[in-house]
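# Notes for the structure review
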Amino acid sequence: MEQFSKTLKGIKDRGAAQLFIDGEWRKSSGSNELTVVTPHNEETVLTYFEPTIADVDIAVAAARKAFDTGPWPRMSPPERGVYLKKVSDILMARMPELAEAWTGQVGAVIGFTSKASYQVPGLFKFYGELIDTYPFIEERIGSMGGNKVRVVQEPVGVVAAITPWNAPLVLLVYKVAAALAAGCTMVCKPSPETPIDAHILAEAIAEAGIPAGVFNMLPAGREVGDHLVRHPGIDKISFTGSTAAGKHIAAVATDRLARVSLELGGKSAAMILEDADMDHVLKSLVPYSMPITGQVCFSLTRVLVPKSRKDEIIQAYTGAVSKVKVGDPFQADTGMGPLTMQRQLERVQGYIEKGKAEGAKLALGGGRPADLNRGFFVEPTVFTDVDPSMTIFKEEIFGPVVSFVDYDDEKDMIAKANDTIYGLHGAVYTQDPERGFAVAREYRAGSVTINGMMVDIHMPFGGFKQSGLGRDGGLEGLENYLETKAVYMP
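Below: a short report on this structure. (Residues numbered from 1 in each chain as written. Predicted model: local features only at pLDDT ≥ 70, side-chain atom pairs only at ≥ 80, totals over all residues. Heavy atoms only, no water.)

### Remarks on the pairing of strand β6 (residues 148-155)
Selection rule: By definition, two strands form a pair when at least two bridges between them are found by DSSP. Here a helix means four or more residues in a row that DSSP labels H or I, a strand means two or more in a row labelled E, and each is numbered from the N terminus.
Inspection of the sheet shows strand β5 (residues 137-141) paired to β6 by five bridges, in the antiparallel sense. Within β6, the residue paired with isoleucine 137 across the bridge is valine 152. Taking the residues that link successive antiparallel strands as the turn, the β5-β6 hairpin has six residues, and the phi of glycine 145 there is positive, at about 85 degrees.

Next comes the structure, spelled out in structure tokens:
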């Protein structure tokens, strides 16, 4: 925790100046005090004052001015790319801080965050390099007399980026790196429970010399967030979070036809075919059915197994999960940390009770680890004999709770996998990759991994159905922040 302590000291040394607006650290104009708590021991590590609606107005005005009259959208894409690559280098040098801030705020184990945090500088580097060659202006020949038409991709404008607490910096940078690459300016609202990594990002952006007003950051709650998405100075809203909140944002955006992209909830299925090799399956299914204590939208929380191998597969999985060490997320040998906050612990406990009440069989866990009397801990929990009518099959729990569902044949498996309002991610396990590809095509989701679990920042990520609109990551992530204009030349 050495780097985390240094990071906290640097933030605390700024005193009440915890908002980054128009290139400066500023004090909130409000008096509502918020706290940041380490979930494994429930200690308060940071207090700050929540920004107000007035602070949002100042931030939007700064971003609006930077877009309407500032240099950022008027730079050539390669010029912007130089700045993005500088940010990447600065963040790469601060990798230990990024990993420890994630672990300290969220409870994700350090073994995971030390690797996954590389996505942060990676995204800035990827988009910084992509815009060196991306065709922002394309010459075409029209059909009316052979005239030339220039099809131009232009930045959408001022972006409101709203992100959740589970992977705070990775999810924010998916938006920031792509939007800045496109030439947009931004007002970012990270979760009030996990603001520390966003402070590091603001420091890196300032150090890289990105012009004032281009990036603004205000960690705040729902009331401030609602004012931000309703603000007439915002051209596009980019949101990652719950489906319920996404529906509200979409409704608000519709009123003035603001552009919107949404990366929402999931209830991803792991489809294990009859020929699957369980030794291979367990290598990815164990860590990715409950990553970050299950607090990940793409967690493989529904495991579909053939009836002919049901007992064998469940026994192998529960045996492997029961060996996962639950405890202090800063310890290198810990496999699962706590949930992030008390309300999340209560939510997960409520779903476990619903599963038992509705007739699912509790095969593993369900309670609190006996040796952990502090922190928001819950045991890895596995239900079997789960029916698609049950709440734990239908709703996103966002905790380490996995449901096993058996199927008769491939048709039954696909029907059960698709029996959900969500469509974010999934996995197919089989020794025949082409058969796996065929199953993936029938499964209604934005991404599917054959024989494993993968999310690549260079590839698009997003959902079908109520898992969202638009894509983050990859080329498609850049195009999220562009408008198309046709200019007819004489």
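### Quick notes on the pattern of salt bridges
We count it as follows: Just to be clear on terms, a salt bridge is a Lys or Arg side-chain nitrogen sitting within 4 Å of an Asp or Glu carboxyl oxygen. The cut-offs for exposure are 20% and 50% of the maximum accessible area for each residue type, with area from a 1.4 Å probe on protein chains only; residues under the lower value are buried, those over the upper are exposed, and the others partly exposed.
According to the stated counting rule, one finds 24 salt bridges in the structure shown. For the salt bridge of arginine 94 with glutamate 97, the shortest nitrogen-to-oxygen distance reads 2.9 Å. Residue arginine 94 shares its accessibility class with glutamate 97, and that shared class is buried.

### Quick look at helix α1 (residues 2-13)
Along an α-helix, residues three or four apart share an orientation, since each turn contains 3.6 residues. Rules: Expected span of a helix, by definition, is 1.5 Å for each gap between consecutive residues, and there is one gap fewer than residues. Residue contacts follow a heavy-atom distance rule, with two residues in contact if any of their heavy atoms lie within 4.5 Å.
Between its first and last C-alpha atoms α1 spans 17 Å; for 12 residues at 1.5 Å apiece the expected length is 16 Å, and the two agree. Of the surrounding elements, those touching the buried residues of α1 are β1 (17-21), β3 (33-38), β4 (43-49), α4 (95-106) and α8 (196-208). Looking one or two residues past α1, glycine 15 carries a phi angle of roughly 65 degrees, positive in sign.

### Some remarks on the sheet that holds β5
The line we're drawing: A fitted line through C-alpha atoms represents every axis, and for helices the fit uses only the stretch in contact; the resulting angles, taken between N-to-C directions, go from 0 to 180 degrees.
The strand order across the open sheet built from three strands is β5-β6-β20, with neighbouring strands paired in antiparallel fashion. Two strands in the sheet have a free side with no partner beyond their single neighbour: β5 and β20 (482-488). Direction aside, neighbouring strands of the sheet carry axes that sit 25 degrees apart on average. Looking at chain direction, β6 and β20 are connected through seven bridges and run antiparallel. Bridge pairing in β20 places proline 155 opposite leucine 482.

### Quick look at the nonpolar core
Put simply, the rule is: Here, nonpolar core means buried Ala, Val, Leu, Ile, Met, Phe, Trp, Tyr and Cys residues that are tied together by side-chain atoms lying within 4.5 Å of each other.
Of all hydrophobic cores here, the largest spans 102 residues; its most connected members are Tyr127, Val176, Leu201, Tyr317 and Leu478. With sequence-adjacent residues up to four places away left out, leucine 478 is seen in contact with Tyr127, Leu130, Ile131, Tyr134, Phe136, Ala178, Ala181 and Ala182.

### Considering the sheet that holds strand β17 (residues 425-429)
The seven strands lie next to each other as β14-β15-β16-β13-β12-β17-β18, forming an open sheet whose pairing is mixed. Strands with a single pairing partner mark the edges of an open sheet, and in this sheet they are β14 (361-364) and β18 (447-450). Pairwise comparison of adjacent strand axes, ignoring direction, gives a mean angle of 25 degrees for this sheet. The strands that helix α13 (residues 342-357) touches are β14, β15 (381-384) and β16 (401-407); relative to β15, the one it contacts most, it runs at about 25 degrees. Strands in contact with helix α15 (residues 410-417) are β12 (269-272), β13 (302-306) and β16; relative to β16, the strand with the most contacts, it is inclined by about 145 degrees.

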